[in-house]
Amino acid sequence: MTTAKKAAAFAGVCPYPNSSGKTSMKSKTSHMADKKLKSLLFLAAKTAVAHNREYSLYAERKKLEGKPYFLIMNNVSNKMLRTVYGVIQS
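This section reports on the structure supplied with the text.

1. Structural notes on the packing of helix α2 (residues 35-51) against helix α4 (residues 69-89)
At a minimum axis separation of 8 Å, α2 and α4 run at an interaxial angle of 95 degrees. Classified by the angle their axes make, α2 and α4 are roughly perpendicular. Where α2 approaches α4, its residues K38, L41, F42, A44, A45, K46, A48 and V49 are matched on the opposing element by Y69, F70, M73, N74, V76, S77, M80 and L81. The residue makeup of the contact of α2 with α4, split by class, is 12 nonpolar, two polar and two charged.

2. Some remarks on the side chain of N75
By secondary structure assignment, the location of N75 is in helix α4. When residues no more than four places from it in sequence are discounted, the contact partners of N75 are Y58 and K62.

3. Here we look at the pairing of strand β2 (residues 23-28)
Relative to β2, strand β1 (residues 16-20) runs antiparallel, the two being bridged by four bridges. Looking at β2, one finds that S19 is bridged to S24. Taking the residues between adjacent antiparallel strands as the criterion, β1 and β2 are bridged by two residues, where G21 takes a positive phi near 65 degrees.

4. Structural notes on α4
Taking 1.5 Å of rise per residue, 21 residues should cover 30 Å, and α4 covers 30 Å from first to last C-alpha, within 8% of that figure. Packing partners of the buried residues in α4 comprise α1 (4-11), α2 and α3 (53-64).

5. A word on the packing of aromatic side chains
Applying the stated criterion to the full structure yields two aromatic pairs. Between F42 and F70 the ring centres are 5.8 Å apart and the planes differ by 25 degrees, which places this aromatic pair in the stacked class. Of the two residues, F42 is situated in helix α2 and F70 in helix α4; the sequence distance between them amounts to 28 residues. On the basis of relative accessible area, F70 is assigned to the exposed category, the value being 61%. On the numbers, 5.4 Å between centres and 75 degrees between planes, the contact of Y69 with F70 is edge-to-face. Joined through ring pairs, the aromatic side chains of F42, Y69 and F70 make up one cluster. Just above the ring of Y58 sits the side chain of K79; from NZ or CZ to the centre is 4.4 Å.

Here is what the cut-offs are and how they apply
Residues numbered from 1 in each chain as written. Predicted model: local features only at pLDDT ≥ 70, side-chain atom pairs only at ≥ 80, totals over all residues. Heavy atoms only, no water. Axes fitted to C-alpha atoms, helices over the stretch in contact; angles between N-to-C directions. Helix = DSSP H or I, 4+ residues; strand = E, 2+ residues; numbered from the N terminus. Parallel < 35°, antiparallel > 145°, perpendicular 65-115°, else oblique. Contact = heavy atoms within 4.5 Å. Nonpolar A, V, L, I, M, F, W, Y, C, P; charged D, E, K, R; others polar. Pairing = 2+ DSSP bridges. Expected span 1.5 Å × (residues − 1). Phe/Tyr/Trp six-rings, centres within 6.5 Å; stacked < 30°, edge-to-face > 60°. Buried < 20%, exposed > 50% of the residue type's maximum accessible area, 1.4 Å probe, protein only. Lys NZ or Arg CZ within 6 Å of the ring centre and 35° of its normal.

Quick look at the structure:
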C-alpha cells in the first residue's frame, strides 16, 4: 500500500460518498474490505476511546455533533490506521 488512504480503503474504514446528480445519500464503506482487519480495528478503537485521552476527546466531540456510535468508531478506526501508517512510513 502506497498511501494511508489506500490502507484505510483496504481495511474498510474509509467512507465513500453515495450521490448521483441531485440525490445525495449517506456515505458507505466498501463491502469488499478485509472484514477481519476491520473487526480488529473496531476492537482497538473501543479500547482507545476508553483509555486514550486524544481518542476519547475526539469521540466525545463527534458524539456532541450527533453522530451515531458505529460511525464514531469507524472514524476512530480510520484515525488510528492513519496514525499507524504514518509511524510505519517515518
